[in-house]
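Now for the letters of each chain:
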Amino acid sequence: MKRLFKFTLLVAMVMWLPTLINYGGQGLRVLAFEELSVQSSSQAIPSSTEALSLSEKVSLENDAMLQWAKQLDELVIQAGNVFSLDQWFKELPDNGQAKPADTDLEQIGSILLQTGLQAGLEVGERATHSVLPATAEPGYDLEFRQGEQDFTLRNPHNYEVSGKVEVHGGQASFQWMGYGPSLWKKKEITVEVEEFAQGDLKVEDHALVTKGRTIPGYPGRLIHVYAVSDGGKELLYQNYYAPQANLVYEPKRSSEATRIGESGGNP
């Protein structure tokens, strides 16, 4: 008897379900949609979001960068994943053209770093040169060696980010794009540079007779990179470059000239 009652109740519920959905089931439909959204994908994009530019456009002026602009345009970092410059290099298509050298990859990585900080990406592995290269902006220097020294960026967002390249004539620009909250703002990044005087290092040169020569050095630099917000500044990282003294080569004075000069006598 109890089994017959349960079966009858189940049939009644099934028969009345369409009526509940049509007349009083608005809440039921919403709940079902929300559950489907969660189950379908953890990367589901809410309707309140739109494709956004996550960074400013940065110019790609190096010829090697222009050559590989298409590959940068197809670059994607999934939510929570890490981009590796070394791995990206290994996966470049073999189209008969020479692959970029380490110095070219350093400049590509520097562009990805500069725009990546604005997009809220996190810096992972990164090394810097002992001397800031002329091709690198302070704060965005990196030293890369294929298979030995990598550069990585992590995407901490709950949505994927992708690279976008625009080419106009012989110039190209790169930026990060993604789906984020409609009120999302690019991170403001500021770079502060403190310089240290290099000083002089005097050296006597036996080959010089009457005139000295100077090999200029360079000042030292302490570079701080900050993310700026209403709450203040957050230090992301800092880099230090030691100063190199000016080498001042002077003619070696003879012992006789030195003795007369010190005694104040006439030659």
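Procedures and definitions
Residues numbered from 1 in each chain as written. Predicted model: local features only at pLDDT ≥ 70, side-chain atom pairs only at ≥ 80, totals over all residues. Heavy atoms only, no water. Salt bridge = Lys/Arg side-chain N within 4 Å of Asp/Glu carboxyl O. Buried < 20%, exposed > 50% of the residue type's maximum accessible area, 1.4 Å probe, protein only. Helix = DSSP H or I, 4+ residues; strand = E, 2+ residues; numbered from the N terminus. Contact = heavy atoms within 4.5 Å. Pairing = 2+ DSSP bridges. Axes fitted to C-alpha atoms, helices over the stretch in contact; angles between N-to-C directions. Phe/Tyr/Trp six-rings, centres within 6.5 Å; stacked < 30°, edge-to-face > 60°. Lys NZ or Arg CZ within 6 Å of the ring centre and 35° of its normal.

Chemist: Sorry, what's going on with the pattern of salt bridges here?
Modeler: Under the definition given, this model contains eight salt bridges. Across the pair Lys-164 and Glu-166 runs a salt bridge, and its minimum N-O distance is 3.6 Å. Taking relative accessible area as the criterion, Lys-164 reaches 33% and is therefore assigned partly exposed. A salt bridge links Glu-192 to Lys-233; its shortest N-O distance comes to 2.7 Å. Of the two residues, Glu-192 is situated in strand 9 (residues 188–196) and Lys-233 in strand 13 (residues 232–241); the sequence distance between them amounts to 41 residues. On the basis of relative accessible area, Lys-233 is assigned to the partly exposed category, the value being 47%. When salt bridges with common partners are traced through the structure, they connect Lys-57, Lys-164 and Glu-166 into a single cluster.

Chemist: What is the right way to read the environment of Ala-119 from this model?
Modeler: Looking at the element boundaries, Ala-119 is found in the loop between helix 6 (102–118) and strand 5 (122–123). With relative accessibility at 0%, the residue Ala-119 sits in the buried group. For the pair Ala-119 and Met-177, spaced 58 residues apart in the sequence, the C-alpha separation amounts to 8.1 Å. Ala-119 has contacts with Leu-54, Ser-55, His-157, Trp-176 and Trp-184, leaving out every residue within four places of it along the chain.

Chemist: Which parts of the structure should I look at to understand the sheet that holds strand 11 (residues 213–215)?
Modeler: Strands belonging to one sheet form pairs held by backbone hydrogen bonds; the direction of such a pair is parallel or antiparallel. The mixed open sheet is built from three strands, whose spatial order is 10-14-11. Across the chains shown, the open sheet's two edge strands, defined by having one partner strand only, are strand 10 (200–205) and strand 11. With direction set aside, neighbouring strand axes in the sheet form an average angle of 25°. Direction of pairing for strand 10 relative to strand 14 (residues 246–251): parallel, over a ladder of six bridges. Directly across from Val-203, in strand 14, lies its bridge partner Tyr-249.

Chemist: So what exactly am I meant to see when it comes to the packing of aromatic side chains here?
Modeler: We describe a pair of aromatic rings using the distance from one ring centre to the other and the angle between the two ring planes. The full count for this structure, using the stated rule, is two aromatic pairs. Measuring from ring centre to ring centre gives 5.4 Å for Phe-174 and Trp-176, while their planes differ by 85°; the resulting arrangement is edge-to-face. Just as Phe-174 is buried, Trp-176 falls in that class too. A centroid spacing of 6.4 Å and a plane angle of 65° characterise the contact between Phe-196 and Tyr-240, whose relative ring orientation is edge-to-face. A residue pair is termed long-range when its members are at least 10 positions apart, and Phe-196 in strand 9 and Tyr-240 in strand 13 qualify at 44 residues. Relative accessible area serves as the criterion here: at 30%, Phe-196 is assigned to the partly exposed category. For Lys-233, the ring lying beneath its charged end belongs to Tyr-226, and the centroid distance is 4.3 Å.

Chemist: Looking at this structure, I do not really get the sheet that holds strand 5. What am I missing?
Modeler: If you walk across this open sheet you meet the three strands as 4-6-5, and the pairing is antiparallel. Every other strand in the sheet has two partners, leaving strand 4 (82–84) and strand 5 as the edge strands with one partner each.

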